[in-house]
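Each chain, written out:
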Amino acid sequence: MPVPYPMQTTMTPERFQKLRTALDRRQPDLALLTDQVHKAHNLAAILRTCDAVGIDTVHLSQSPVRVRQLRRRSMGSNRWVNVATHNSIDDGIRHFRERHFKVYAAHFSERAKPYHELDFTMPCVLLMGAEKYGVSETGAELADEHVIIPMQGMVESYNVSVAAAIILAEAMRQREREGLYRCSRLEQECYHKTLFRWCYPELARYCDERQTAYPAIDDNGHLVDPSDWYESIRQSSRKHRKS
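All values derive from a computational prediction rather than experimental measurement. Think of each chain on its own: its residues are numbered from 1, step by step along the sequence as written. Reporting in this predicted model follows two pLDDT cut-offs: at least 70 for local features of residues, and 80 or more for side-chain atom pairs to be given and counted; totals over whole chains, interfaces and linings ignore these cut-offs and use all residues. Side-chain descriptors were evaluated using all non-hydrogen atoms of the structure, hydrogens and water having been removed beforehand.

Note on conventions: DSSP H or I runs of at least 4 residues are helices, E runs of at least 2 residues are strands, and numbering of each starts at the N terminus. For the chain, the helix and strand inventory stands at 9 helices and 7 strands. Considering the chain as a whole, with its 243 residues, one finds that 42% of them fall into the buried category. Any pair of residues with heavy atoms lying within 4.5 Å of one another is described as a contacting pair. Summarising the internal contacts of the chain: among those between residues at least 6 apart in sequence, 75% fall at separations of at least 24. Accessible surface area values rest on a Shrake-Rupley calculation with a 1.4 Å probe, where residue burial reflects the displayed protein chains alone. Total accessible area on the chain stands at roughly 14000 Å², and carbon and sulfur atoms take up 48% of it. Classification of residues uses two cut-offs on accessible area relative to the type maximum, computed with a 1.4 Å probe and protein chains only: under 20% is buried, over 50% is exposed, and between them is partly exposed.

Relative to the helices and strands, Thr 57 resides in strand S2 (residues 57-61). Setting aside chain neighbours within four positions, we find Thr 57 in contact with Ala 31, Leu 32, Val 81, Asn 82 and Ala 84.

Moving on, we get to the pairing of strand S7 (residues 145-148). Two faces, one strand: in a regular strand the side chains alternate between the faces of the sheet. Any two strands with at least two DSSP bridges between them are considered paired. Here 3 bridges tie strand S4 (residues 102-106) to S7, and the two strands are oriented parallel to one another. Note on S7: the bridge partner recorded for Tyr 104 is Glu 145. Note: strand S5 (residues 113-114) against S7, 2 bridges, orientation parallel. Within S7, the position partnered with Pro 114 by the bridge is Ile 148.

Bringing the layout of surface pockets into the picture now. As a volume, the largest pocket reaches approximately 910 Å³. For cavity detection a 1 Å grid was placed over the protein atoms alone, and a set of points counts as a cavity when a 1.4 Å probe fits there but cannot get out; an open set counts as a pocket when protein lies on both sides within 12 Å along at least five of seven lines, with lining residues being those that have an atom within 4 Å of a point. Every residue lining the largest pocket is counted, 34 residues in all, and those nearest its centre are Asp 56, Thr 57, Val 81, Asn 82 and Arg 197. Put simply, the parts of the chain that give the lining of the largest pocket at least two residues each are strand S1 (30-35), S2, helix H3 (67-73), strand S3 (82-86), helix H4 (89-97), helix H7 (188-199) and helix H8 (201-209). The element best represented in the lining of the largest pocket is H7, accounting for 6 residues. When residues are grouped by polarity, Ala, Val, Leu, Ile, Met, Phe, Trp, Tyr, Cys and Pro land in nonpolar, Asp, Glu, Lys and Arg in charged, and all others, Gly among them, in polar. By residue class, the composition of the lining of the largest pocket is 15 nonpolar, 7 polar and 12 charged. Grid points are joined across faces, edges and corners, and a volume is the space filled by probe spheres set on the points. The space that makes up the second largest pocket amounts to roughly 670 Å³. Lining the second largest pocket are 23 residues, with Ala 106, Phe 108, Glu 156, Ser 157 and Tyr 158 positioned closest to its centre. Among the secondary structure elements, those contributing two or more residues to the lining of the second largest pocket are strand S6 (124-129), S7 and helix H6 (160-177). Sorting elements by how many residues they give to the lining of the second largest pocket places H6 first, with 3 residues.

Shown next, in the form of structure tokens:
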């Protein structure tokens, strides 16, 4: 049975194992939320950092940057890190409050603590503010903690993407120490769907567009009975056209 359109249908064992290893280290209870960050190159750099520390989703609040722009700048990181958007910082923080996350805002204030003094092993989200103005007043008020990076020079702050990388590197260090990267912590349904999307992105997109279940893959990353699956898709398409 021919493929619906040219797409990858094979997977090497080495590639499959590499994808599984990365997915096993994803941290579902560690996230990053931006507060009106508007420069595409900064957001792209943040995406790359989040992939490096095992964050599966970056949340953007009131950002004018489109996901398509990030795809061009993130050097492929957007394929591994999901992007969610929120209409306001209130909505973004509410999303995490409902999931019992602590909100750590990168914000200078009297109650701010050095980043290495906070506990990043609990469910938490790092809130990063706009390039010029930092975290908004609303974001700062709603945050559980304010976090700063001690500095020794004349400048007042790091670039937002650099600051995010420094703080998230500390989060990764703490989580490695506690063994949180040693086994998969994603829910099984999410794990299997993500793994398939990573292995077969074009085929996954084909299925998503048609609201069709993904074909099964075996323990070596190979499609299980691809001919039977394609035949079922073909028959379904025929029924749809007739109706």
